[in-house]
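Examination of the molecular architecture
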Amino acid sequence: MDTNLFQAICNAGSVDDPAILYEQRQISYGELRNQALDMARVLRLLEVRSGDRVALLLADSPEFVGTFIAVCSYGAIAVPINMGLRLDEQRAILNDCSASLAFVEEDLSQALLADALKKLPDLKQVVVVGREQRRQKLASEPRRGDAEAASQVSITNQFLTDVIAQSRSQSTPAFVSSADDQAAFILYTSGSTGEPKGAVHRQSDIFYTNETYCHEVLRLREGDRLFSSSRLPFAYGLGNAFTFPLLNGRTTILCREKPTPEIISKVFADYRPTIFFGVPVVYRLLLDEFNKQSNSVVDCSSLRLCISAGEALPAPLGEEWEKTFGVPILDGIGSTEMLHMWMSNHEGENVYGSSGRLLGGYEARLLDPEGKTVTAGVEGNLWVKGASAALEYWQRTETTQNTFVEGWVRTGDLYRQDTQGYWFHMGRSDDCFKSSGQWVSPVEVEGVLLRQEGVNRVAVVEDFDDDGLPCACAFVVRSTTPGGIGLERSLRELARASLPRFKRPRRYVFVDQLPYTATGKIQRFKLRERLKTGPSPNVPMQ
C-alpha cells in the first residue's frame, strides 16, 4: 500500500466530518489534517531527522493524534509512553529508546526535567503541551518555571503553541510512504512478566490490522463512535481509538482523565459511543458500579458492541454483562508484538470462555515443549504469523531472536483448539505449573471459582504445600456478599465438584484487590512473591 498515515486519514473522512470528540469539542477531519501539518512543520523546525526517536508523553488528546500522524509520516519514530507509569519508569523508556525530542504534558514537564542532565542524557528538546484551564490555575501558584528547570540541564524547552507559531514559515515536508517498510513507531510492552520491551512497528502494520480485525470483526457502520478505556500508548488502545475510527472516516472519543467507572459512565452519557473497548477488570468494575448505584448510572443503551482483550475474559463475566446490558462482549487475543488482535469472537458466533477463531490474514500453531505440533484438543505453546508482526525489540538482539523465528512470533501463551475452530486460553506459559506431575492452567481454575456467589475477582498462582510439593493457591476478592470461612468452604466444595484433585487450590487468600498492570493484566509474579513472604488475609494488594 503506497500511502502514509497522513494521506490515508485525510482521505478517510470529508473535511467537515467529526474525527474526534474530546472535552465537549468536536474536531473535524479538516482540522485534524491542519493539526498534523502543523506538527510536521514543527518537526522540521526542530531539525528532527529520519529515524530519530520522538517521545509522546501525552494524554489521549487531539495533540497526541496529530503528533503521532506527523512523526510516523515524517520518517521519524514515534514512541508513545504511558502517562500512568511512575516517573522513573517513564525515564527508563526515554533512555531505552534514546529519544532526543519529547512532547510532554505540562503537568508532567517540570518533574520530568528535574535532574534531567543526569537522568536523561539523550533528551535535547522538550515541547510542552499546555492546557488552558491548567495554565490559568498554575499562573496563580508560585513555582519554578519549566524554562528555569530546563536551563539548568541544557534542554531546549518551549510551549507547543509558541513553537507552532515559529514553524509557520517552514515548508511542508515530504512524507514517507508505508511501502518503504521502515520503522515508524515503538510500543513498549506492559511489563506483566517483567521489564517492558519496545516492539518496533512500521506504518504498514497499522493498515494491516485495519484490513484484518477491523473489517472482519468490527464491520464499522455509518455513524459509529468508538471509545476505548485502554489508552493510546498501548497496542490495543492505539487500534481502538486511532486506527479503526480514523482510517475509516468514523469518530473516536478521547478522554484525558483516568478511565474510572464514573468517568466511563460520563463518557457513555455525554458522547453515546456505539462500540466500547475494555479489559476484563474494567467490565467487572462497571458491573459493580451499576449494581452499587441501583441500576441508574451506567447507561449502555447506545452500545451495539463491546470488545475485550488484554487477558482472557472469564465466561461468567461475559455472560453477566450481556444479561445485564443486552450487549455482547467479543473477546479476543492480540499482543504488542502483533499490534492488535489476530484471533477473536464474532458477532452472532460468540463463545464465552474462548478467544474465538483465527482471523483471515493470520496463521497460528500449537507446539509442545519439543517443538512438535500437538493434536486437536491438546494444550500447546501458541505461535502466530502475520504481516502486522513487529520488526524486532528495540536494541534487544537476543530477546528478538527468541521471539521472532522465521516469520513466526512466540506468544508465550498456552492454548488449545477445539474441533469447531475455537481457541481457548489456558494461561501464560510461565504462569502455568505442574501439580502431581500434571499441568494446571490458572485461567481454567479461575473460571470455575468465579461462578461462586460472593466472588468478585480471583487469581490462581503456584504455591507449595508443607512437603514442598507444587499446588494451586487462589487469591480471592470478595464481592459485597459476606465472605470469610463460609465463602472458603463454598469455594472448596465447588472446586471438589468441578476440578480434578491436582487442580484444586490448597489455599485461599482473601484480599481487597489484585495487582494489575496499566493494561489491566494481573501481575501474577507479585502474587507469587507475596506467597514467599507469607500472605496475610484481607490486606490490600498494591
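Residues numbered from 1 in each chain as written. Predicted model: local features only at pLDDT ≥ 70, side-chain atom pairs only at ≥ 80, totals over all residues. Heavy atoms only, no water.

Observations concerning the overall build of the chain
Of regular secondary structure, the chain possesses 18 helices and 27 strands. The C-alpha atoms of the chain give 24 Å as radius of gyration, which agrees with the globular expectation for 542 residues (24 Å, within 12%). Seen along its three principal axes, the alpha-carbon backbone of the chain occupies a region of about 75 × 50 × 50 Å. When the 542 residues of the chain are sorted by exposure, 57% land in the buried category. Expressed as a percentage of contacts within the chain between residues at least 6 apart in sequence, the contacts between residues at least 24 apart total 68%. Total accessible area on the chain stands at roughly 22,500 Å², and carbon and sulfur atoms take up 46% of it. Distance from the positive charge centre (59 side chains) to the negative charge centre (68 side chains) of the chain: 3 Å. (Helix = DSSP H or I, 4+ residues; strand = E, 2+ residues; numbered from the N terminus. Rg over C-alpha atoms; globule rule 2.2 N^0.38 Å. Buried < 20%, exposed > 50% of the residue type's maximum accessible area, 1.4 Å probe, protein only. Contact = heavy atoms within 4.5 Å. Areas by Shrake-Rupley, 256 points an atom, 1.4 Å probe, with all protein chains shown as cover. Lys, Arg positive; Asp, Glu negative; His and termini not counted. Charge placed at Lys NZ, Arg CZ, Asp CG, Glu CD.)

So, a negative patch on the surface
Residues D16, D17, E31 and E222 make up a contiguous surface patch of negative charge. By the secondary structure assignment, E31 is in helix 2 (residues 29–45). (Patch = residues over 30% accessible without salt bridge, like charges linked within 9 Å, V, L, I, M, F, W, Y side chains within 5 Å. Salt bridge = Lys/Arg side-chain N within 4 Å of Asp/Glu carboxyl O.)

Thoughts on the sheet that holds strand 10 (residues 225–228)
If you walk across this open sheet you meet the nine strands as 2-1-11-10-12-13-14-15-16, and the pairing is mixed. The outermost strands of the open sheet, each flanked by one partner alone, are strand 2 (25–28) and strand 16 (357–358). Pairing of strand 12 (residues 275–278) with strand 13 (residues 305–308), which is carried by four bridges, proceeds in the parallel orientation. Among the inter-strand pairings, F277 is bridged to a residue of strand 13, identified as I307. Those strands touched by helix 2 are strand 1 (18–22) and strand 2, and its axis lies near 75° from that of strand 2. (Pairing = 2+ DSSP bridges. Axes fitted to C-alpha atoms, helices over the stretch in contact; angles between N-to-C directions.)

Focus: the packing of helix 2 against helix 9 (residues 160–167)
Orientation of helix 2 relative to helix 9, taken along the N-to-C sense of each, is 80°, at an axis distance of 9 Å. When the axis of helix 2 is compared with that of helix 9, the two are roughly perpendicular. Two secondary-structure elements touch here, helix 2 through D38, M39, R41, V42 and L45 and helix 9 through L160, V163, I164, Q166 and S167. Along the lines of polarity and charge, the residues of the contact of helix 2 with helix 9 split into six nonpolar, two polar and two charged. (Parallel < 35°, antiparallel > 145°, perpendicular 65-115°, else oblique. Nonpolar A, V, L, I, M, F, W, Y, C, P; charged D, E, K, R; others polar.)

Brief notes about the pairing of strand 11 (residues 251–254)
When a strand is regular, its side chains alternate between the sheet's two faces. Taking every second residue as pointing to the same face, both faces of strand 11 are buried, with T251 and I253 on one and T252 and L254 on the other. Bridge count for strand 1 against strand 11 is three bridges, and the pairing is parallel. Note that in strand 11 the partner of Y22 across the bridge is L254. Relative to strand 11, strand 10 runs parallel, the two being bridged by three bridges. Each bridged residue has a counterpart across the sheet, and for R225 the counterpart in strand 11 is T251.

What about the environment of R41?
Relative to the helices and strands, R41 is located in helix 2. Spatially, the C-alpha atom of R41 lies 7.7 Å from that of I164, the residues being 123 residues apart in sequence. Sequence-distant contacts of R41, defined by excluding residues within four places in its chain, comprise S167, Q170, S171 and T172.

Considering the sheet that holds strand 25 (residues 455–464)
The strand order across the open sheet built from three strands is 25-26-27, with neighbouring strands paired in mixed fashion. The open sheet has two edge strands, strand 25 and strand 27 (505–511), and neither has a second partner. Here the average twist between neighbouring strands, direction ignored, is 25°. Strand direction decides the pairing type here: strand 25 and strand 26 (residues 470–478), joined by nine bridges, are antiparallel. Each bridged residue has a counterpart across the sheet, and for F464 the counterpart in strand 26 is P470. On the sheet, helix 18 (residues 524–533) packs against strand 25, strand 26 and strand 27 and is oriented at approximately 60° with respect to strand 25.

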